[in-house]
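# Overview (structure and organization)
Each chain, letter by letter, is given below.
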Amino acid sequence: MEAQLMDGVALAADTLARVTDGVADFVAETGRRPCLVTVLVGDDPSSHVYVRMKVNRSRRVGIESRRIDLSQATTTQELVAVLDALSDDSSVDGILLQHPVPSQIDERAAFEAIDPGKDVDGVTRTSFARMAFGEKGFRSATPGGIMRLLDAYDVDLVGARAVVVGRSPILGRPVGMLLLARDATVTFCHSRTQELAEVVSQADVVIAAVGRPELIRGDWIKPGAVVVDAGYNEGNVGDVEFAAARERARLITPVPGGVGPMTIAVLLDQTLAAATSRMSG
Ligand code: NAP
């Protein structure tokens, strides 16, 4: 039987509607809008598209969106200085550093310059540790979106065998930590993994987070498994061979329209949460 689609567009719309209401309440109470600053370094065309989308979405839910564009030649020190200043600026609630940054920049040093209280994209060590310990805090936006999708479709994670393909600091690793915190039995796969097909074929829940078109073949999927494809490759192709995987899975995310829209929804939800918590704290 064909798998049911996990509809990220609809779930993101629900989330954004709630955020819009929450922002209106925040404005009524404080007389100001929550403020998200996006920092973009360099001229990567896809990053420019993503930032434009984030800025437009922020404005639509009533969040004030500021954008800082820095040149391709920016140094780590210069970027850290900008992020330090934003961390100290009391009119700023959330900071998003669009990644990847140009290769001369030490990305980890840049992320660590973000005040954890404003880390609405969940990229700092503090946020990662909170995810790993199952504590309250800001989640990496895409992993947070994946967890919300799994919950919206009532996927039982307790004791489930979850295989995460990819281990990047912003996607594979944190989503594995969030699954572990929910009592899944988690396996991480990466470029050095042997027998990838064999490992994936044992999964009740597959999270694809690689960036290689259709790396995960449909016939690797265990019948009845849940398949979440975070990959996005040129031509609107995910990391999973969608049509064939859909024949075997129980639930599957489409690409586009699955994980992607949830990333922005989580980012804006966390911006509102940051603003609210700064107001009360
Ligand atoms: P990344 O930093 O390049 O990490 C890719 C990971 O895949 C690495 O851990 C790498 O292993 C692993 N990998 C590479 N080749 C592999 C192979 N043949 N078999 C198994 N694992 C392999 O990428 P990322 O930033 O995590 O992004 C991954 C994908 O998600 C991309 O398509 C990206 O566009 C997409 N993405 C989507 C969203 C969204 O909002 N929907 C957000 C972020 C990213 P090693 O660690 O061994 O190198």
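Everything quoted here is computed from the prediction, not taken from an experiment.

It is worth spelling out the packing of helix 6 (residues 141–152) against helix 7 (residues 172–181) at this point. Where helix 6 meets helix 7, the axes come as close as 9 Å, and the angle between the chain directions of the two elements is 40 degrees. Between helix 6 and helix 7, the angle is such that the two are oblique. Two packed elements cross with a definite hand, and for helix 6 against helix 7 that hand is right-handed. Contacts between helix 6 and helix 7 involve P143, G144, I146, M147 and L150 on the former and, on the latter, P174, V175, L178 and L179. Tallied by class, residues from the contact of helix 6 with helix 7 come to eight nonpolar, one polar and no charged.

For the protein chain, the assigned domains read domain 1 (31–115) and domain 2 (141–257). Each of domain 1 and domain 2 has a C-alpha centre, and the two are 28 Å apart.

An ideal rise of 1.5 Å per residue puts 24 Å on 17 residues; helix 2 (residues 45–61) measures up with 25 Å between its terminal C-alpha atoms. Next to the buried residues of helix 2 lie helix 1 (8–30), strand 2 (35–41), strand 3 (64–70), strand 4 (94–97) and helix 10 (259–280). Where helix 2 terminates, the next one or two residues include G62, which has phi positive at roughly 95 degrees.

We now examine the sheet that holds strand 1 (residues 4–5). Pairing between the strands of a sheet comes from backbone hydrogen bonds, and it takes one of two forms, parallel or antiparallel. Strand order in the open sheet formed by six strands is 1-9-8-7-5-6, and the pairing between neighbours is parallel. Edge positions in the open sheet fall to strand 1 and strand 6 (185–189), since each of these has one partner strand only. As paired strands, strand 1 and strand 9 (residues 251–252) are joined by two bridges and run parallel to one another. Directly across from L5, in strand 9, lies its bridge partner I252. With respect to the sheet, helix 7 is in contact with strand 5 (161–165), strand 6 and strand 7 (205–208), its orientation differing from that of strand 6 by roughly 170 degrees.

About the criteria used
- Residues numbered from 1 in each chain as written.
- Predicted model: local features only at pLDDT ≥ 70, side-chain atom pairs only at ≥ 80, totals over all residues.
- Heavy atoms only, no water.
- Axes fitted to C-alpha atoms, helices over the stretch in contact; angles between N-to-C directions.
- Helix = DSSP H or I, 4+ residues; strand = E, 2+ residues; numbered from the N terminus.
- Parallel < 35°, antiparallel > 145°, perpendicular 65-115°, else oblique.
- Left-handed = near helix turned anticlockwise from the far one by under 90°.
- Contact = heavy atoms within 4.5 Å.
- Nonpolar A, V, L, I, M, F, W, Y, C, P; charged D, E, K, R; others polar.
- Domains from an automatic or database assignment.
- Expected span 1.5 Å × (residues − 1).
- Pairing = 2+ DSSP bridges.

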